[in-house]
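Examining the three-dimensional arrangement
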Amino acid sequence: MSCVHCLGNGSWPNATDQDRWKILEEMNVAFFSSLQPTVVFLLGLAVCGLAGNSLVFVVYLHRLKSYPTRTYILAMCVCDLLTNCFSLPMEVMEIRLRFTYPADWLCRLGFTVVCFLVLFSGCLLVAVAVDRERTMCGQTRTSGLQRERRERWFVTACLVGSLLISLPMLGLLERKEVVLEDTGLTTLQCVYVQDSLFLTVLNRIHNGLFLCAFAVLCFAYGRIARHLWQHKKRANTTGVTCSDSSTKRDGTCVEINVTEASQSVQCLHGDPAQEVTHDDAPSPLPQVCPPSTDSETTDTLTPPSTEPGTEGGEMSSARSQTALSLCFVKRRSDVTRHPQRKERNRKASKGGSRRTRTLTNRTTLMLFILTVIFFINYLPYLLTVVLRTVGSEEQLVRHLGLNLYFILLRTIYMNSAVNPFVYTFHLPRFRKECRHVLGCTC
């Protein structure tokens, strides 16, 4: 006969410590068996997250060293790995040792680490949103080194802030003797402290931070969406999207080719050797050089006549000696001998700018999806906690079922397993590097 059935005969007060421990152990086994679907769910998240985040960490650390937002992704990857290696096993251990929790320090430290990882992950998503908004909507451009320093500063600020917010959690839980009402058994459980004021203040602080983070995310991604919409609207209006090496004039792109400009012919009004500058002299306007009549030779330019009665002679002698007018005329040999060079340069420059813009938009979309997934996974936990606060835990378990109740309280860990799939689906280069790391030739 099981020792649990002996309780009805009043044998618990006279039982020895060994018998009491045996009874509690049987209760642990029964509770663990009733939550097998929840345990399978948690272990599946741990295995998938550990494999996926390990691959992500190796690829971004060794293969994608110059990738945008690399620092953020590495930090989120480390956070997810710690969740897979510590938080999820802690949850399984808590289910297995429900009525005989081993130590008080483990109860306090474990819950604090779990809260720190969740806060750090959420803070990183907020930092990513702010950084993306500054990158895409800002007026100034930053170099790769400046961007990397800014990312490291944001990650460090998130780390310190999450640690400071999580430290009060050490006093929030404790291992305490709890007497079960139905059986009268004295168990050792990891429960919240009885100080209601401390719990109330801490919950309000966390709720306030959650609302502030949500507001910042909505503002940042709202600005990004507005910027992309305006850019697309301008492109559709003009019908032309200029690259970085071109400028838009009257709805068309005018390429700026420094090489061709350096090989062009300069027309000078006056002798260059006798060039004299005066501060009070007006700046001459650029003039168009007349084309050469000889089509077989290189373009030559004839300076305007300065004889009296001609158009050139109408200029004052002082102005004609001090004013310098440069006219850049393309060499005809570049057009006749290399007709495809300019087109290749234009397409290469435009294609490079388009690829950079596509990569930036795709990276921003990926990070936005990570943020949405985080809030989707956090919402069931938040609603369950609110319903438990309004009503009672017994009523909630009766309506939802024990397994569904425990799963809803642990949906916040799903990010650690889902994030690697998001990287794979939205970044083609990441898939390519993953195949290279795994040695796959497919």
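A short tour of the structure in this document, coming up. (Residues numbered from 1 in each chain as written. Predicted model: local features only at pLDDT ≥ 70, side-chain atom pairs only at ≥ 80, totals over all residues. Heavy atoms only, no water.)

Quick notes on the environment of Asn 403
As for its position among the elements, Asn 403 is in helix α12 (residues 402-408). In the structure, Asn 403 is positioned 366 residues away from Pro 37 in sequence and 6.7 Å away in space, judged by C-alpha atoms. When neighbours within four sequence positions are excluded, Asn 403 is seen to be in contact with Ser 34, Leu 35, Gln 36, Pro 37 and Thr 38. There is a polar contact of 3.0 Å between the side chain of Asn 403 and the side chain of Thr 38. (Helix = DSSP H or I, 4+ residues; strand = E, 2+ residues; numbered from the N terminus. Contact = heavy atoms within 4.5 Å. Polar contact = N/O pair within 3.5 Å; in protein donor to acceptor, adjacent residues only side chain to side chain.)

Some details on the nonpolar core
Membership of the largest hydrophobic core comes to 43 residues, with the highest contact counts inside it found for Tyr 60, Met 76, Phe 120, Tyr 423 and Phe 430. Those elements that provide at least two residues to this core are α2 (36-62), α3 (70-96), α4 (104-137), α5 (144-166), α6 (196-238), α10 (341-390), α13 (415-426) and α14 (428-438). Excluding anything up to four places from it in sequence, Phe 120 contacts Ala 75, Cys 79, Val 155, Cys 158, Leu 159 and Ser 162. In this structure, Leu 24, Phe 31, Ile 95 and Ala 417 belong to the second largest nonpolar core, which totals 25 residues. (Core = buried A, V, L, I, M, F, W, Y, C linked by side-chain atoms within 4.5 Å. Buried < 20%, exposed > 50% of the residue type's maximum accessible area, 1.4 Å probe, protein only.)

So, the packing of aromatic side chains
Taken as a whole, this structure holds 16 aromatic pairs when the rule is applied. Ring geometry for Phe 210 against Tyr 378: centres 5.2 Å apart, planes inclined by 25°, an arrangement best described as stacked. Of this pair, Phe 210 sits in helix α6 while Tyr 378 sits in helix α10; the two residues are 168 residues apart in sequence, bridging distant segments of the chain. Judged by relative accessible area, Phe 210 falls into the partly exposed class, the value being 23%. On the numbers, 5.8 Å between centres and 85° between planes, the contact of Tyr 405 with Phe 406 is edge-to-face. On the basis of relative accessible area, Tyr 405 is assigned to the buried category, the value being 1%. The class for Phe 406 is buried, based on a relative accessible area of 6%. The rings of Phe 210, Phe 214, Phe 374, Phe 375, Tyr 378 and Tyr 381 are connected pair by pair, giving a single aromatic cluster. (Phe/Tyr/Trp six-rings, centres within 6.5 Å; stacked < 30°, edge-to-face > 60°.)

Brief notes about empty space enclosed by the protein
The full count for this structure, using the stated rule, is 2 cavities of 30 Å³ or more. Here the largest cavity defines a volume of roughly 100 Å³. What lines the largest cavity is Cys 79, Asp 80, Thr 83, Leu 117, Val 118, Ser 121, Phe 374, Ile 412, Tyr 413, Asn 415 and Ser 416. Looking at the lining of the largest cavity, the elements that each hand over two or more residues are α3, α4 and α13. Residues belonging to the lining of the largest cavity are distributed by class as follows: 6 nonpolar, 4 polar and 1 charged. Size it by volume and the second largest cavity reaches roughly 30 Å³. Taken together, the elements giving at least two residues each to the lining of the second largest cavity come down to α4, α10 and α13. Of the residues assigned to the lining of the second largest cavity, the class counts are 4 nonpolar, 3 polar and no charged. (1 Å grid on protein atoms, 1.4 Å probe; cavity = no way out; pocket = protein on both sides within 12 Å on 5 of 7 lines; lining within 4 Å. Points joined across faces, edges and corners; volume = space filled by probe spheres on them. Nonpolar A, V, L, I, M, F, W, Y, C, P; charged D, E, K, R; others polar.)

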